[in-house]
Amino acid sequence: MASINSGDHIWHPFTQMKTAAAPIHITKAKGCILYDANGNEYIDAVSSWWVNIHGHSNEIIANAIAEQAKLLEHVIFAGFTHSPAIKLSEQLIGILPNYFSKIFFSDDGSTSVEVAIKMALQYWHNQGHQHKTKIIAFENAYHGDTFGAMSAGDKSTFNAAFEKLLFEVAHIPTPNANNIHLLKKQIDELAKEDTVAAFIFEPLVQGSGGMLMHEAKYLDELITYCHQKNIICIADEVMTGFGRTGKNFAIEYLTNQPDIICLSKGITGGFLPLGVTVASQKIFDAFYADEKEKTFYHGHSYTANPLACAAANASLELLLNNKCQQQIKFIEEKHKAFANSIRTNEAVKDVRQQGTIIAIEFKTKEDTSYFSSVRNKLYQFYLSKGVLLRPLGNIVYILPPYCITEEELNKVYDAIIQSTELVKSEL
Ligand SMILES: *Cc1c(COP(=O)(O)O)cnc(C)c1O
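1. Re the packing of aromatic side chains
Part 1 of the reasoning: Under the counting rule described, the total for this entry stands at 15 aromatic pairs.
Part 2 of the reasoning: With 5.5 Å between their ring centres and 80° between their planes, F14 and F158 make a pair best called edge-to-face. Here F14 is found in the segment before strand 1 (26-30), whereas its partner F158 is found in the loop between helix 5 (147-152) and strand 6 (169-172), with 144 residues between them in sequence.
Part 3 of the reasoning: With centroids separated by 5.6 Å and ring planes inclined at 80°, the aromatic side chains of F287 and F296 adopt a geometry described as edge-to-face.
Part 4 of the reasoning: The buried category is assigned to F296, whose relative accessible area is 14%.
Part 5 of the reasoning: By way of ring pairs, the aromatic residues F14, W49 and F158 are connected into one cluster.
Part 6 of the reasoning: The aromatic ring of Y35 is capped on one face by K28, whose charged end is 5.0 Å from the ring centroid.
Part 7 of the reasoning: Over the ring of Y379 we find R375, and its NZ or CZ is 4.9 Å from the ring centre.

Below, the structure is given as structure tokens:
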């Protein structure tokens, strides 16, 4: 048999090329199943880095892209517009809380965050508040890998090489019943000289940080408080958007709305890269002026790519369909039952769940860490069982495409239950 080409000229993301196993060569995928060149199958229980929502190679989305490609593949988005973008902006504004009115397109999650941060800073700049440049974010935050997004993210091994070049961001703990008063005091202190421009957060679930969860009620209180202190609130829903938390958007659990929202990942159903930054009318109005320096001078070559917008329109229609909404509820119920059954397992330190996301934190000898030694063993173990799960250190989570079947979900749970023996042998 000819050896399988793993690509000698490719440098993979988040991969130590010296020590990593050869990448698995995927030749096709359908629904939740990935098929490799050796004839193995894997259940994609992490939605291919959280982007897929309706399964792989979905016919409806594939056809929407093909049709669009034959009509208009791309056009410059300054001075020109097109129907897929107009339709997507209307669909998004239609399902988001009333408060939002403008959609700014970019390419991915990181750029949607860059845009949001720049919007917030320029919002103040345009109104003569040049001193408002500080950003507040949560500890353990992850907002992407570009410089602004890295700055907003918590300090870690991943961005240590760039630390000196990152701009100043104050990181505060996520809120709970015990610390909420303290957090308000902290914000009070930070906002003393009215220098804070924005507060950016992943609502309810901090993904890369380890699927850490906080209650909507306390986040609501922080948003109210920030608004009182003249701080723009940015919800980074790049991971939580499009049904992950059980509602279309995590901010639907809140009564107080942020001013800006970042969306990407699931937006095209996982077919094509696309980012959007949603702004309230208040934000937009600060840029709407006769002075040209108040313009938002930001854009990317592929802004509002029609193929990506067509995929997003098709994906949104599928998401809003009853069948998909029922699948989301079904996954939520199954996760709840699984959480209850595994919670008492000796290997388990904590189980947390929000909507279609469930995270199981395993006990370890050392502290909870992305570099926990058990991580690679677990990853390989799951693959050997035909399940793609990518533990964040000792935290394993399931974040599946919504079309996952009961049988597939049970297979994922079984692999996790079996892996508890491995975890115990490492304790
Ligand atoms: C993944 C992620 C990003 C970055 O998105 P990319 O498309 O990978 O650039 C930003 N914010 C959150 C919350 C994410 O999970």
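Alright, that's what it looks like, and here's the rest.
2. Focus: the state of the cysteines
A covalent bond between the sulfur atoms of two cysteines is what we call a disulfide.
Part 1 of the reasoning: Using the criterion set out here, one finds 0 disulfides in the structure.
Part 2 of the reasoning: No disulfide involves C32; its nearest neighbouring cysteine sulfur is the one of C403, lying 3.9 Å away.
Part 3 of the reasoning: What makes C32 buried here is its relative accessible area of 2%.
Part 4 of the reasoning: With no disulfide of its own, C324 lies closest to C403 among cysteine sulfurs, the gap being 8.6 Å.
Part 5 of the reasoning: By relative accessible area, C324 is classed as buried at 8%.

3. As for the pattern of salt bridges
Part 1 of the reasoning: For the coordinates displayed, the defined rule picks out 16 salt bridges.
Part 2 of the reasoning: The salt bridge partner of E361 is K349, with a shortest N-O separation of 3.5 Å. Taken as a pair, E361 in strand 14 (residues 357-362) and K349 in strand 13 (residues 348-354) lie far apart in primary sequence, 12 residues in all.
Part 3 of the reasoning: Of the residues examined, E361 reaches a relative accessible area of 8% and is grouped as buried.
Part 4 of the reasoning: Using a relative accessible area of 52% as the deciding quantity, one classes K349 as exposed.
Part 5 of the reasoning: A network of salt bridges, in which partner residues are shared, links K349, D350, R352 and E361.

4. Regarding the domain arrangement of the chain
Part 1 of the reasoning: Splitting the chain by domain gives domain 1 (61-320) and domain 2 (322-426).
Part 2 of the reasoning: The interface of domain 1 with domain 2 comprises 21 residues on the first partner and 21 residues on the second.
Part 3 of the reasoning: For the domain 1 and domain 2 pair, buried surface summed over both sides reaches about 1,600 Å², with 63% attributable to carbon and sulfur atoms.
Part 4 of the reasoning: Interface area lost by domain 1 to domain 2 is led by M211, M213 and R244, which between them contribute 39%.
Part 5 of the reasoning: Across the domain 1-domain 2 interface, the total number found is 0 salt bridges.
Part 6 of the reasoning: Our count for the domain 1 to domain 2 interface comes out at 10 residue pairs in polar contact (both at pLDDT 80 or more).
Part 7 of the reasoning: Mapped by element, the contributors of at least two residues to the side of domain 1 that touches domain 2 are strand 9 (212-213) and helix 9 (306-320).
Part 8 of the reasoning: Here the residues of the side of domain 1 that touches domain 2 are counted per class, giving 12 nonpolar, 8 polar and 1 charged.

What counts and what doesn't
Residues numbered from 1 in each chain as written. Predicted model: local features only at pLDDT ≥ 70, side-chain atom pairs only at ≥ 80, totals over all residues. Heavy atoms only, no water. Phe/Tyr/Trp six-rings, centres within 6.5 Å; stacked < 30°, edge-to-face > 60°. Helix = DSSP H or I, 4+ residues; strand = E, 2+ residues; numbered from the N terminus. Buried < 20%, exposed > 50% of the residue type's maximum accessible area, 1.4 Å probe, protein only. Lys NZ or Arg CZ within 6 Å of the ring centre and 35° of its normal. Disulfide = S-S within 2.5 Å. Salt bridge = Lys/Arg side-chain N within 4 Å of Asp/Glu carboxyl O. Domains from an automatic or database assignment. Contact = heavy atoms within 4.5 Å. Buried area = accessible area lost by both parts, 1.4 Å probe. Polar contact = N/O pair within 3.5 Å; in protein donor to acceptor, adjacent residues only side chain to side chain. Nonpolar A, V, L, I, M, F, W, Y, C, P; charged D, E, K, R; others polar.

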